[in-house]
Amino acid sequence: QVHLVEPGGGLVQAGGSLRLSCAASGRTFSSYALGWFRQAPGKEREFVASISRSGGSTGYADSVKGRVTISRDNAKNTMYLQMNSLKPEDTAVYYCAASETYTHSAYSRYYDDWGQGTQVTVSS
């Protein structure tokens, strides 16, 4: 099991940028495929982006493609989500997730460990 913490988040104006981070502890970070998900009020949790163990493969939801970049630094046990051109509809609680068993995926059921979430609010 890996413990995930997402510092960061916050309030930003539409069109602005924000970088989220996800710090891991407890197990070998590079053994985990990772992902970002988000949940807006009254909506189900949805996939944002994912990254393979080496960082060489990534995936993005269509709603964020071209505006968001996922990356990881295995030496620092940290994953990042750089978000640009933010829109009010990006407002949500953002969660990082880790999977020791599966490859990186857009499906939340393949992830075993989750962070507590961090609020991102984009004002219009």
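Since the structure is predicted, the reported quantities are computational estimates derived from the model, not experimental observations.

Undergrad: Explain unusual backbone geometry to me, and be specific about the residues and the numbers.
TA: For Asn 77, which is not glycine, the phi torsion reads 55° and is therefore positive. With respect to the element layout, Asn 77 can be found in the loop between strand E7 (68–73) and strand E8 (78–83). Under the relative-accessibility criterion, Asn 77 is labelled partly exposed at 28%. Even without a glycine there, the phi angle at Ser 85 is positive, about 50°. Looking at the element boundaries, Ser 85 is found in the loop between E8 and strand E9 (92–99). With a relative accessible area of 42%, Ser 85 lands in the partly exposed category.

Undergrad: Requested: an account of the sheet that holds strand E1 (residues 3–5), with residues and values cited.
TA: Here 4 strands make up an open sheet; going across it, the order is E1-E3-E8-E7 and the pairing antiparallel. Every other strand in the sheet has two partners, leaving E1 and E7 as the edge strands with one partner each. Averaged over all adjacent pairs, the angle separating strand axes in this sheet is 20°, with direction ignored. Pairing between strand E3 (residues 18–25) and E8: 6 bridges, direction antiparallel. Across the sheet, Arg 19 pairs through a bridge with Gln 82, a residue of E8.

Undergrad: So what's going on with the pairing of E3? Residues and values would help.
TA: As paired elements, E1 and E3 share 3 bridges and run antiparallel to each other. Counted as the bridge partner of His 3 is Ser 25 from E3.

Undergrad: With reference to specific residues and values, describe the packing of aromatic side chains.
TA: For the structure on display, the rule yields 6 aromatic pairs. Considering the side-chain rings of Tyr 107 and Tyr 110, the 6.3 Å spacing of their centres and the 90° angle between planes classify their relative orientation as edge-to-face. Lying over the aromatic face of Phe 29, Arg 72 brings its terminal NZ or CZ to 4.7 Å of the ring centre. We note Arg 109 situated over the ring of Tyr 107; from NZ or CZ to the ring centre the distance is 4.8 Å.

Undergrad: Please give an account of the pattern of salt bridges that cites residues and values.
TA: Using the criterion set out here, one finds 4 salt bridges in the structure. The salt bridge partner of Asp 90 is Arg 38, with a shortest N-O separation of 2.9 Å. In this pair, Asp 90 sits in the loop between E8 and E9 while Arg 38 sits in strand E4 (residues 33–39), placing the two residues 52 residues apart along the sequence. Taken as a pair, Asp 90 and Arg 38 share a single burial class, namely buried.

Undergrad: Outline the side chain of Glu 6, supporting the account with residue identities and numerical values.
TA: Considering the arrangement of structural elements, one finds Glu 6 in the loop between E1 and strand E2 (10–13). No salt bridge is formed by the buried Glu 6, whose closest oppositely charged neighbour, Arg 45, lies at an N-O distance of 8.0 Å. Of the polar contacts made by the side chain of Glu 6, one reaches the backbone nitrogen of Cys 96; its length is 2.7 Å. Side-chain polar atoms of Glu 6 contact the backbone nitrogen of Gly 117, separated by 2.7 Å. Not counting chain neighbours up to four residues away, the residues in contact with Glu 6 comprise Ser 21, Cys 22, Trp 36, Tyr 94, Tyr 95, Cys 96, Gly 115, Gln 116, Gly 117 and Thr 118.

Calculation notes
Residues numbered from 1 in each chain as written. Predicted model: local features only at pLDDT ≥ 70, side-chain atom pairs only at ≥ 80, totals over all residues. Heavy atoms only, no water. Helix = DSSP H or I, 4+ residues; strand = E, 2+ residues; numbered from the N terminus. Buried < 20%, exposed > 50% of the residue type's maximum accessible area, 1.4 Å probe, protein only. Pairing = 2+ DSSP bridges. Axes fitted to C-alpha atoms, helices over the stretch in contact; angles between N-to-C directions. Phe/Tyr/Trp six-rings, centres within 6.5 Å; stacked < 30°, edge-to-face > 60°. Lys NZ or Arg CZ within 6 Å of the ring centre and 35° of its normal. Salt bridge = Lys/Arg side-chain N within 4 Å of Asp/Glu carboxyl O. Lys, Arg positive; Asp, Glu negative; His and termini not counted. Polar contact = N/O pair within 3.5 Å; in protein donor to acceptor, adjacent residues only side chain to side chain. Contact = heavy atoms within 4.5 Å.

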